[in-house]
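Understanding the architecture of this molecule
Each chain, written out:
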Amino acid sequence: SRLRTAAMRVFVNNVDTYVGNALCADLRRMSPDIDNKIFGTVKGKISRGKIPPSVKRIVARTVPKTVVKTVASCRLITYDLHDADLEEVEFVLKALKLTDIEQPTTLVLISSVMVWANTRKDYEEKPKGEDEEEEEEDEENPKPKVMWPKVLTDNDFHRRTPSAKFDAWKTLETLCLSLNSKNNLSAYVVCAGILYGSGEHVLHDMFKAAWLSQQSHRIIGPGNNYIPMVHVRDVARLVKHLAEDTFPECPEYLVCVDHSSTTQAEVVQGIVNHVCDPYAVQHIAPAEAITAEDVDVLTLDLRFQPSECIYQPEMDAEIAEDMPTPLFTWWSKNGLLANMDVVASEFCRWRNLRPIRTLLCGPPASGKSFLSGKVAECFNVPHITVKAVVEEYMADFHMWQDVEGELKGGQYEITKEFKESLEEAPPPARLDSKWLSAFFQHKLSSNVCKYRGFVLDGYPRTYADAEALFMQKIPTEGEDEEDEVQKELNTAICPEHIVVLQCQDALCIQRIHAMAEDEVAGTHDNEEGFKRRNQAYSQANLIEDGSPVLWTFFEERQIPVCKLQSTGIRDDASPGSTEFNAIRIHIEREGRPYNYLKSDREFNAHQEVVAKSVEDEADAKARAEEEEALRLQEAARKARQEEERARLKQIAESERELLEAQSAPLRSYLMQYVVPTLTNGLVEVCKVMPDDPIDYLAEYLFAHAQEVPTGEV
C-alpha cells in the first residue's frame, strides 16, 4: 500500500454529474487531516448538476492540450462513461499512451454491466429460499423448475458481448487496460452494476412517479429478469481504495455489484410499495415499451459476483469473529430492497424533497378548509379532513376483518377493539377522539404523508387531541404495569407548520350566509351548526382560565405557531390572498423545498390561468343563462302562436259545421225536385247540341217545370 502523506491531485471528469458528485464526496480526502486537490471538467447545462465545493479548479475543454496536461499531472484520474463524451475519453486515453508519466498514477474507467448485455448466458435451477416450504411434487403434473442465470465473475470479462449501443464502451475498456504497459501507470476498469442511490439516475423517474403518487409504473414482460445493481457510493469507495492501493491483489477488470439478486418486478414493485400508497404494478409487453427510456436496462438479465477484493459472503457469526476486518466497507451491501429506507431518504435529501407537514386550525367557518385546500394544492400534498380519513379507514377496515392477523402491533389491537365496539352499537354520528386519533395516526403514517407531507384540517381540535395523536409511548424493557407510561413526541407525523386562524363570530356567520345552497346542503355549515361547533371550539381554545389550548401543545415543544387574523372572505378567483401568502411565507421560512413544485413565475401564471378559467366559466355560465332565457322566451312565443292557430282553426271548424247544419234542408229540396229535371235537361242539351245551350236549357226547364207534382213540393 502506498502511504499518502500529502494531498493528492485528483482529476474527475464531469464533476457536476451523478457519478461525479459521488466521486468528489468520497475522494475529497484520503485521510482525516489531508484534503485532496480535485480538478475536473463540467458538463454544464446539460447535466443541470451542482459543482461540489471540494473541487479546487474547473478545467475548460476549449483547449484539449490543457486538459491532457492537467490529467497527466494528477495521481488519480477517473473517467465515468455514463455521462462522458466518448470521443473525448478516447482522445485523452490515446494522449496518455503517448505521454511520459513521471509519478505513480492510477487511472480508473467506470463502465457498466450493460457492456455484458449480449453475453451468452447459461442457466441453472434456482435454489429454494429458506422461507419457501418444501412441497411434495405431483408425479403426473410436476411443477416447472425455476431457472436463473449462472453467476458471472470478473474472470469472464473476455467473454463480454455488448449490444450495439455499448460497442464503443467496450472499445474504451480495452484501450484503458492497454495502458498498463506504461511505467508508473495502473489502469483499472470498474464494471459497475445499474446505479442507484444519492438522488438516483436510472431509477429517478420511478422514484419521482412514486413520490408524486403517480401510478405510471410498468413492468416490462413477466419481470423475472435479474438486474445487477450497485449503490453509486460503493463505486466511489472502490475507486478510493484503488487510488490508495489498499488491496493486496487486485485484477485490472473489476466487477462492482452488490450482493443482491433482484428481479425487475421486485425493483419496480419495491419502489412503489415503499414510497407511495402500494398498488399492483401493471405488466406490459416488450413491444409496448420499445420507446420507453432505459428499456434495455430494465430488461437486462444477468447475475454477477463482485470481484474478490470486495466480495464479502455471508458467514456464521463465530467464523466472522475469527476473520480479519474487511478492507472494503460497503455502503449498501445487500442491495436496493434491503436498504430502501436509506435509499429513499437519500433521494429526498439530494433532490431537496421535504415533507410539508402543516396544521390549520381555527373557529368554524373561518375559512380554514378553503385555505387548507389551497395550501395543499400549492405544495402538492394531501388535504386531510376528518370525513375523508374516517371514510378511508372504514373502507380499509372492512377489508381487514378477514386478515386481522396480518396487521401489525397497535394497528391490530385498535382495529380489533373498534370492531368489537361496532358489534355492541352502530357507529355514532361523531366518533370519539380515541378512534379519531387512531385513524389519523394510521393515515399520517402512510407513505404519501411520510414523504410528501400533509395539511391537517379539522383535527386535532383540542390540546388533549394533539397529545393523543402526536405523542407515542417510549418502549422500555421490563416495565411494570404500575409504572407511569413515558411518552415522547412522534416527530414522524407531528406537523412542523402550525397556522391558527382568528376570526370574529359575525364574519364567520356572514361567510356561512354567503355560501351557495348546494354547498350547505347536507352539512353543518348553517347558523345552528355554527353555534354548536363554535361553542365547543371556544370552550376548548378561547377560555382564559390558564388551561392549555390546542396551539399550546406545539409552543411547548418549540414548534413555531403562526396566528393570522382571517377576514372570513372567500374568493375562488384570488388564491393569492393575504392569508394565503402569509401561510406560504410561514411554511417556506427555512427555504422553499424543490418537491417538483412550480416556480414562482409558473405558480403565478398558473393562478392567472385558474382565475381566467373561473372568469371564463362565469361568463360562459352567464351566456348560457341568457341563451336559456331567450330560448324560453322564444318557446313561449311559439307556444302562444300555436295556441292562437289552434283557436282560429277550431273557430273555422265550428263555423263550417254550423253552415253545413243550416244548409241541410236546401240541399234536400234541390236533390229531390231540381236536380232530376236539371240532369235530364243537360242530357237533352248533349243530344241536340243547340247553338245556344244555355238558352236551350232554360227553355227546357220552363217547359218541364210543371211536371213536378204540386203535392210533393
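Residues numbered from 1 in each chain as written. Predicted model: local features only at pLDDT ≥ 70, side-chain atom pairs only at ≥ 80, totals over all residues. Heavy atoms only, no water.

1. Structural notes on the overall build of the protein
Each helix and strand counted, the protein has 24 helices and 24 strands in total. With 713 residues in all, the protein has 41% of them scored as buried. Carbon and sulfur atoms provide 51% of the accessible area of the protein, an area that totals close to 40700 Å². (Helix = DSSP H or I, 4+ residues; strand = E, 2+ residues; numbered from the N terminus. Buried < 20%, exposed > 50% of the residue type's maximum accessible area, 1.4 Å probe, protein only. Areas by Shrake-Rupley, 256 points an atom, 1.4 Å probe, with all protein chains shown as cover.)

2. Points about the nonpolar core
Core analysis: the biggest nonpolar cluster contains 75 residues, and Y79, L107, W116, F207, W211, I271 and L336 have the highest contact counts within it. Among the elements that line this core, the one with the most residues is helix α7 (residues 264-275), at six residues. Beyond its immediate chain neighbours, meaning those up to four positions away, I271 contacts L203, M206, F207, A210, C276 and M340. (Core = buried A, V, L, I, M, F, W, Y, C linked by side-chain atoms within 4.5 Å. Contact = heavy atoms within 4.5 Å.)

3. Things to note about the sheet that holds strand β5 (residues 55-58)
A sheet is described by the order of its strands in space; here seven strands give the open sequence β5-β4-β1-β6-β7-β11-β15, paired in parallel fashion. The open sheet has two edge strands with one neighbour each: β5 and β15 (253-256). Between one strand axis and the next, the sheet turns by 20 degrees as a mean value, whatever way the strands run. Where strand β6 (residues 76-80) meets strand β7 (residues 105-112), five bridges bridge the pair, whose relative direction is parallel. (Pairing = 2+ DSSP bridges. Axes fitted to C-alpha atoms, helices over the stretch in contact; angles between N-to-C directions.)

4. Quick word on a nonpolar patch on the surface
On the surface, L666, Y669, L670, M671, V674, V675, L678 and L682 cluster together into a nonpolar patch covering about 660 Å² of accessible area. Its location among the elements puts L666 in helix α23 (residues 664-688). Owing to a relative accessible area of 54%, L666 belongs among the exposed residues under this scheme. (Patch = residues over 30% accessible without salt bridge, like charges linked within 9 Å, V, L, I, M, F, W, Y side chains within 5 Å. Salt bridge = Lys/Arg side-chain N within 4 Å of Asp/Glu carboxyl O.)

5. A closer look at the packing of helix α2 (residues 64-72) against helix α3 (residues 86-97)
At a closest axis distance of 10 Å, the pairing of α2 and α3 adopts a crossing angle of 60 degrees. Relative to α3, the element α2 lies oblique. When you trace α2 past α3, the crossing you get is right-handed. On α3, the residues touching P64, V68, V71 and A72 of α2 are F91, V92, A95 and L96. Considered class by class, the residues forming the contact of α2 with α3 number eight nonpolar, no polar and no charged. (Parallel < 35°, antiparallel > 145°, perpendicular 65-115°, else oblique. Left-handed = near helix turned anticlockwise from the far one by under 90°. Nonpolar A, V, L, I, M, F, W, Y, C, P; charged D, E, K, R; others polar.)

6. Quick notes on the sheet that holds strand β20 (residues 453-457)
If you trace the five strands from one edge of the open sheet to the other, you get β19-β20-β18-β23-β24, paired in parallel fashion. With one partner strand each, in any of the chains shown, β19 (383-385) and β24 (561-565) form the two edges of the open sheet. Pairwise comparison of adjacent strand axes, ignoring direction, gives a mean angle of 20 degrees for this sheet. As defined by bridge partners, strand β23 (residues 497-502) adjoins β24 across five bridges and the pair is classed as parallel. Each residue of the ladder has a partner; that of Q502, found in β24, is Q565. Across the sheet, helix α11 (residues 368-379) is in contact with β18 (356-361), β19, β20 and β23; its angle to β20 comes to roughly 175 degrees.

7. What about the pairing of strand β4 (residues 37-40)?
Here strand β1 (residues 9-12) runs beside β4; their pairing, made up of four bridges, is parallel. Paired with V12 across the two strands is G40, which belongs to β4. With three bridges joining them, β4 and β5 adopt parallel strand pairing. For G40, the partnering residue across the bridge sits in β5 and is I58.

8. Let's talk about the side chain of N534
With respect to the helices, strands and loops of the structure, N534 is situated in helix α19 (residues 527-541). By relative accessible area, N534 is classed as buried at 9%. Within the local environment of N534, its side chain forms a polar contact with the side chain of D505, the two groups lying 3.4 Å apart. In contact with N534, not counting residues within four places along its chain, are P363, P364 and D505. (Polar contact = N/O pair within 3.5 Å; in protein donor to acceptor, adjacent residues only side chain to side chain.)

9. Points about the pattern of salt bridges
Summed over the entire model, instances satisfying the criterion amount to 24 salt bridges. Between R237 and D26 there is a salt bridge whose closest N-O contact spans 3.9 Å. Note that R237 is positioned in helix α6 (residues 232-244) and D26 in helix α1 (residues 18-27), a separation of 211 residues in sequence. Classification of D26 by relative accessible area gives buried; the value is 8%. Note that K450 and D341 form a salt bridge whose closest N and O atoms lie 3.8 Å from each other. Of this pair, K450 sits in helix α15 (residues 447-451) while D341 sits in helix α10 (residues 340-350); the two residues are 109 residues apart in sequence, bridging distant segments of the chain. Classification of D341 as partly exposed rests on a relative accessible area of 44%.

10. Brief notes about the packing of aromatic side chains
Following the criterion strictly, the structure yields 15 aromatic pairs and no others. With a centroid separation of 5.2 Å and an interplanar angle of 85 degrees, the aromatic rings of F328 and W330 are classed as edge-to-face. A relative accessible area of 11% means that W330 is categorised as buried. Ring geometry for F553 and F554: centres 5.1 Å apart, planes at 85 degrees, overall edge-to-face. Counting every residue linked through ring pairs, the aromatic cluster contains W116, F157, Y253 and F304. The cationic tip of R233 hangs over the ring face of W331; the distance from NZ or CZ to the ring centre is 4.6 Å. (Phe/Tyr/Trp six-rings, centres within 6.5 Å; stacked < 30°, edge-to-face > 60°. Lys NZ or Arg CZ within 6 Å of the ring centre and 35° of its normal.)

11. Thoughts on the state of the cysteines
On inspection of all chains with the given rule, the structure shows zero disulfides. Left unpaired, C191 is separated from the closest cysteine sulfur, that of C256, by 9.1 Å. Residue classification places C191 among the buried residues on the basis of a relative accessible area of 0%. (Disulfide = S-S within 2.5 Å.)

12. Here's the deal with the pairing of β15
Along β15, one buried face is formed by Y253 and V255 and the opposite face, lined by L254 and C256, is buried too. Strand direction decides the pairing type here: strand β11 (residues 185-192) and β15, joined by four bridges, are parallel. What sits directly across from A192, in β15, is C256.

13. Topic: helix α5 (residues 204-211)
In terms of burial, α5 is a largely internal element, six of the eight residues being buried. If you check which residues of α5 are buried, you get H204, M206, F207, A209, A210 and W211. Where α5 is buried, its residues contact α7, α8 (295-298), α10 and α15. Two residues or fewer past α5, S213 is found with a positive phi of approximately 60 degrees.

Function cannot be inferred from these measures alone, as they are strictly geometric.
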